[in-house]
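# Inside the fold
Chain by chain, the residues:
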Amino acid sequence: MKWVVGNWKMHTTAQEAKLLARRLREELYEPELPRRVRVIVCPPFTSLCSVQEALRGSWLQWGAQNCHEELEGAFTGEISVRMLTALGCSAVIVGHSERRRTAGESTERIARKLRRVVQAGLWAILCVGETLAQRRAHRVRAVLTHQLRSALQGLEPQQWESLLIAYEPVWAIGTGQAAELEHIRQAHTLIAELLTQLGAPGHVPILYGGSVTAENAQQILQLPEVDGVLVGSASLDAWQFCTIVRVAALCTSPIPTC
Ligand code: PGA
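The following refers to the structure shown. (Residues numbered from 1 in each chain as written. Predicted model: local features only at pLDDT ≥ 70, side-chain atom pairs only at ≥ 80, totals over all residues. Heavy atoms only, no water.)

### Section: the site of the ligand
As a reminder, the rule being used: Here a residue is near a molecule or strand as soon as one of its heavy atoms is found within 4 Å of it. For the purposes of these results, a polar contact is taken to be a pair of N or O atoms within 3.5 Å, where, inside protein, one atom must be able to donate a hydrogen and its partner to accept one; residues adjacent in sequence count only when each atom of the pair is a side-chain atom. The classification used treats Ala, Val, Leu, Ile, Met, Phe, Trp, Tyr, Cys and Pro as nonpolar, Asp, Glu, Lys and Arg as charged, and all other residues, Gly among them, as polar.
In the neighbourhood of the ligand, 13 residues make up the surrounding shell, with Lys 9, His 96, Glu 168, Gly 174 and Ser 211 lying closest. Glu 168 places a polar side-chain atom, nitrogen or oxygen, 2.7 Å from an oxygen atom of the ligand. A distance of 2.8 Å is found between an oxygen atom of the ligand and a backbone nitrogen or oxygen belonging to Ser 211. When the residues that make up the shell around the ligand are grouped by side-chain class, the tally is four nonpolar, seven polar and two charged.

### Observations regarding the nonpolar core
Worth spelling out the cut-off: Side-chain atoms within 4.5 Å are what join buried Ala, Val, Leu, Ile, Met, Phe, Trp, Tyr and Cys residues into a set we call a nonpolar core. The classification of residues rests on relative accessible area computed with a 1.4 Å probe and restricted to protein chains. Under 20% of the type maximum is buried, over 50% is exposed, and intermediate values are partly exposed. Here a strand is any run of E in DSSP of at least two residues, a helix any run of H or I of at least four, and the numbering for each starts at the N terminus. Any pair of residues with heavy atoms lying within 4.5 Å of one another is described as a contacting pair.
Counting 74 residues, the largest nonpolar core has Leu 152 and Ile 165 as the members making the most contacts within it. For this core, the element with the highest residue contribution is helix H11 (residues 238-250), accounting for eight residues. Among all residues touching Leu 152, those that are not within four sequence positions of it are Leu 114, Arg 115, Leu 126, Trp 160, Leu 163, Ile 165, Leu 195 and Leu 198. Ranked by size, the runner-up nonpolar core spans 13 residues in total, among them Ala 91, Ile 93, Ile 125 and Leu 230.

### Some details on the sheet that holds strand S7 (residues 206-209)
Under the convention used in this document: A pair of strands counts as paired when DSSP detects no fewer than two bridges linking them. Interaxial angle, 0 to 180 degrees, is taken between N-to-C directions of lines fitted to C-alpha atoms, where a helix line uses only the stretch in contact.
Pairing is parallel in the closed barrel, where eight strands are placed in the order S1-S2-S3-S4-S5-S6-S7-S8. The average undirected angle you get between the axes of adjacent strands in this sheet is 25°. Note: strand S4 (residues 91-94) against strand S5 (residues 123-128), four bridges, orientation parallel. Bridge pairing in S5 links Val 92 to Ala 124. Contacts from helix H9 (residues 181-197) reach S5, strand S6 (163-167) and S7 within the one sheet, and its direction differs from that of S7 by about 145°.

### Structural notes on unusual backbone geometry
Unlike most non-glycine residues, Lys 9 shows phi in positive territory, near 50°. Note that Lys 9 resides in the loop between strand S1 (2-7) and helix H1 (14-27). Here His 138, not a glycine, exhibits a phi torsion of approximately 55°, which is positive. Looking at the secondary structure, you find His 138 in the loop between helix H7 (132-136) and helix H8 (140-152).

### Topic: the pattern of salt bridges
So the rule is basically this: The salt bridge definition used is simple: a Lys or Arg side-chain nitrogen within 4 Å of an Asp or Glu carboxyl oxygen.
Counted by the stated rule, this structure contains 17 salt bridges. Between Arg 23 and Glu 27 there is a salt bridge, with its nearest N and O atoms 3.4 Å apart. Taken together, the positions of Arg 23 and Glu 27, both in helix H1 and four residues apart, correspond to about one turn of that helix. Residue Glu 69 is joined to Arg 112 by a salt bridge in which the shortest nitrogen-to-oxygen separation is 3.8 Å. Taken together, the positions of Glu 69 in the loop between strand S3 (61-64) and helix H4 (81-86) and Arg 112 in helix H6 (residues 107-119) put the pair 43 residues apart, joining distant regions of the chain. The class for Glu 69 is buried, based on a relative accessible area of 8%. The exposure class of Arg 112 is partly exposed, given its relative accessible area of 38%. Bridged by salt links that share partners, the residues Glu 69, Glu 70, Arg 109, Arg 112 and Arg 116 form one connected network.

### Focus on the pairing of S4
The line we're drawing: A crossover counts as right-handed when, viewed with the strands pointing away from the observer, the path leading from the first strand over the helix to the second turns clockwise.
Of the two faces of S4, the one carrying Ala 91 and Ile 93 and the one carrying Val 92 and Val 94 are both buried. In this structure, S3 lies alongside S4, joined through two bridges in parallel fashion. The residue bridging Ala 64 from the neighbouring strand is Val 92, located in S4. Assessed by its sense of winding, the connection that carries the chain from S3 through H4 to S4 is right-handed.

Written out as structure tokens, the structure reads:
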């Protein structure tokens, strides 16, 4: 089973999102796909309702790009996991590098959000990854260790089951320059090791993100260390996204029906 998650970022009005989601639903109507791949699209908050409407009853799932760490309260402009659950969301992206950087999200806050998401039984897609300067300074291991430890230490055994990790080297996001396959392989292997050290009771899916396209998806998804992809700009193009989903389905063995 492979995962394909679309991060629509700050794109699509409610109407545009509805059209895109409908198109995905139509194009991906193939009985074999849901046995091989899990698909989650993450539109902006304002488009969640229309995506819910467009995808309800289909095998495609939807999620959010962020949430607040409290369930409700005087937090102007924020959105809680409770609200997202009511909209049928099945996942929330936590700690995306764009939020770490532009919204100044601290590791402590990311840890609190993550707990809130897994407590609600939604998938938490925790994003980790180094910057170019950190890579050049040979600090990949140190950065990933810090990001994973600060977010996951002390997680209850059953909460690990709601976790997905997205390895997204910051220098590969939105640059058109995906990480080299060997770098992805090594980083995913390291993350798997770190997760075991942190007490993961079983396999935690590790996705790769950063300039994934219809062209490079196959090479990346064929790596046994890669359980799926988190796709940004290519997820806004229905043809590219559907191609990536089909490629993911070809790179995995189906789950048995019985
Ligand atoms: P990209 O974005 O595919 O446009 O590089 C990935 C992400 O930020 O999740």
